[in-house]
Amino acid sequence: AQSVAQPEDQVNVAEGNPLTVKCTYSVSGNPYLFWYVQYPNRGLQFLLKYITGDNLVKGSYGFEAEFNKSQTSFHLKKPSALVSDSALYFCAVRDMKGGGSYIPTFGRGTSLIVHP
Amino acid sequence: DTGVSQDPRHKITKRGQNVTFRCDPISEHNRLYWYRQTLGQGPEFLTYFQNEAQLEKSRLLSDRFSAERPKGSFSTLEIQRTEQGDSAMYLCASSRTSGNPAGETQYFGPGTRLLVL
């Protein structure tokens, strides 16, 4: 079984400050982790993914995420937030142990609000 | 690459009516997924196709829901006898088979927002 948790419903940060959006996961085998962003009334846009290799993954729009196996976390980060980063952020996980499903499980989402 | 498109973007219907949504995936993407998203939740998986074959269905997909992908290109999702609980955003996503299926990236369409009165 696979699951993902986004412990914060909302994150508030001032423009120019660093931001972190948290994600923890649970899988039986190796995790494949994804971050997506959703703007109002839009579909999800892919930001980045972790498959294997370096624990620090760089993605679109200056975002990066750090995979931490011991803490089962995959937090999304950005060194300097922009007002335009305000959106809903979703973490997703796939567990392919035993040749499992291709279907990812999504978290409930975290609303990021960047204040001018 | 024009992205995943969905039609219509919005649909308002009365309870008991049937509705049909269309999804056009990115060309050459052989996998197509349908999700449902309600307010305050992440996308919940409904069903997925590899080419024209429907390979997996969620328990969420009741008998009133049916999906097709007849030629392995576009897909339709039909809801019969709609209920107020069907009100949600219906998202379509597509991906291309790679050597590592778990690592495939799904690309989402803009969604169809359904309101059942």
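Being a predicted model, the structure only gives us computed values, none of them experimental.

K.L.:
When you look at the pattern of salt bridges in this model, what are you seeing that I'm missing?
P.N.:
Side chains that differ in sign of charge can pair as their charged atoms come close. All names here are of chain B. In this structure the tally under the stated criterion is seven salt bridges over all chains. The partner of Arg 31 in a salt bridge is Glu 104, and the shortest N-O contact between them spans 2.3 Å. Placement of Arg 31 in strand β4 (residues 31-37) and of Glu 104 in the loop between β9 (88-95) and β10 (107-108) is noted, with a sequence separation of 73 residues between them. Owing to a relative accessible area of 2%, Arg 31 belongs among the buried residues under this scheme. Counted as one network, the salt bridges with shared partners bring together Arg 64, Glu 83 and Asp 86.

K.L.:
Please explain the environment of A:Trp35 as it appears in this structure.
P.N.:
Residues and elements named next belong to chain A. By the secondary structure assignment, Trp 35 is in strand β5 (residues 31-38). Accessibility expressed as a relative area gives 0% for Trp 35, which makes it buried. In this structure, the C-alpha to C-alpha distance between Trp 35 and Gly 53, residues 18 residues apart in sequence, is 17 Å. Polar contacts involving the side chain of Trp 35 include one to the main-chain carbonyl oxygen of Phe 74, which spans 2.9 Å.

K.L.:
How should the interface of chain A and chain B be read in this particular structure?
P.N.:
Accessible area lost upon the coming together of the parts is a frequently used measure of interface size. Every contact between the two is made by 21 residues of chain A and, on the other side, 25 residues of chain B. With both sides pooled, the region where chain A packs onto chain B buries about 1,900 Å², and carbon together with sulfur makes up 53% of that total. Run the count over chain A and chain B and you get zero salt bridges. Summed over the shared surface of chain A and chain B, the number is five residue pairs in polar contact (both at pLDDT 80 or more). Of the residues assigned to the side of chain A that touches chain B, the class counts are 12 nonpolar, five polar and four charged.

K.L.:
Just to check I follow, could you spell out the confidence of the model for chain A for this structure?
P.N.:
Atomic detail in the predicted coordinates should be set aside for any region of low pLDDT. On average, residues of chain A score 92 in pLDDT, and 95% of them are at 70 or above. Mean pLDDT across the secondary structure elements of chain A bottoms out at strand β10 (residues 87-95) of chain A, with 93, and peaks at strand β9 (residues 73-78) of chain A, with 98.

K.L.:
Sorry if this is basic, but what is going on with the state of the cysteines here?
P.N.:
One covalent bond between the sulfur atoms of two cysteine residues makes up a disulfide. Scanning the entire structure with this criterion turns up two disulfides over all chains. Here A:Cys23 connects covalently by a disulfide to A:Cys91, the sulfurs 2.0 Å from one another. Disulfide A:Cys23-A:Cys91: torsion about the S-S bond near -65°, hence left-handed. Of this pair, A:Cys23 sits in the loop between β3 (19-21) and β4 (24-26) while A:Cys91 sits in strand β10, and the two are 68 residues apart along the sequence. Exposure class is identical for A:Cys23 and A:Cys91. Each is buried. One disulfide bridge connects B:Cys23 with B:Cys92, the sulfur atoms lying 1.8 Å from each other. The S-S bond linking B:Cys23 to B:Cys92 shows a torsion near -65°; that makes this disulfide left-handed.

K.L.:
Help me out: how do you make sense of unusual backbone geometry in this one?
P.N.:
In most cases, non-glycine residues show a negative phi, while peptide bonds are predominantly trans. Cis rather than trans, the peptide bond between B:Asp7 and B:Pro8 has omega equal to -5°. Structurally, B:Pro8 is set in the loop between β1 (5-7) and β2 (10-13). A positive phi angle, near 60°, is found at A:Tyr61, a position not held by glycine. Mapped onto the secondary structure, A:Tyr61 falls in the loop between β7 (56-58) and β8 (64-68).

K.L.:
Could you clarify how one ought to interpret the sheet that holds strand β7 (residues 65-68) of chain B in this entry?
P.N.:
Within a sheet, neighbouring strands are paired by backbone hydrogen bonds and run either parallel or antiparallel to one another. Residue and element names in this part refer to chain B. With antiparallel pairing, four strands are arranged side by side in an open sheet as β1-β3-β8-β7. Pairing within the sheet leaves two strands with one partner each, and these edge strands are β1 and β7. On average, each strand axis in the sheet is inclined to that of its neighbour by 15°, with strand direction left out of account. Pairing of strand β3 (residues 19-24) with strand β8 (residues 75-79), which is carried by five bridges, proceeds in the antiparallel orientation. Residue pairing for β8: Arg 22 is matched across the bridge by Thr 76.

K.L.:
What's the story with the pairing of β8(B) in this structure? I'm lost.
P.N.:
Two faces make up the sheet, and in a regular strand the side chains alternate between them. Residues and elements named next belong to chain B. Side-chain alternation along β8 places Ser 75, Leu 77 and Ile 79 on a buried face and Thr 76 and Glu 78 on a face that remains uncovered. Sheet analysis places β7 next to β8, joined by four bridges and oriented antiparallel. Bridge pairing in β8 links Ser 66 to Glu 78. The antiparallel hairpin formed by β7 and β8 contains six residues in its connecting segment, where Gly 72 sits at a positive phi of about 75°.

Parameters at a glance
Residues numbered from 1 in each chain as written. Chains lettered and ligands numbered in written order. Predicted model: local features only at pLDDT ≥ 70, side-chain atom pairs only at ≥ 80, totals over all residues. Heavy atoms only, no water. Salt bridge = Lys/Arg side-chain N within 4 Å of Asp/Glu carboxyl O. Helix = DSSP H or I, 4+ residues; strand = E, 2+ residues; numbered from the N terminus. Buried < 20%, exposed > 50% of the residue type's maximum accessible area, 1.4 Å probe, protein only. Polar contact = N/O pair within 3.5 Å; in protein donor to acceptor, adjacent residues only side chain to side chain. Contact = heavy atoms within 4.5 Å. Buried area = accessible area lost by both parts, 1.4 Å probe. Nonpolar A, V, L, I, M, F, W, Y, C, P; charged D, E, K, R; others polar. pLDDT = per-residue confidence, 0-100. Disulfide = S-S within 2.5 Å. Pairing = 2+ DSSP bridges. Axes fitted to C-alpha atoms, helices over the stretch in contact; angles between N-to-C directions.

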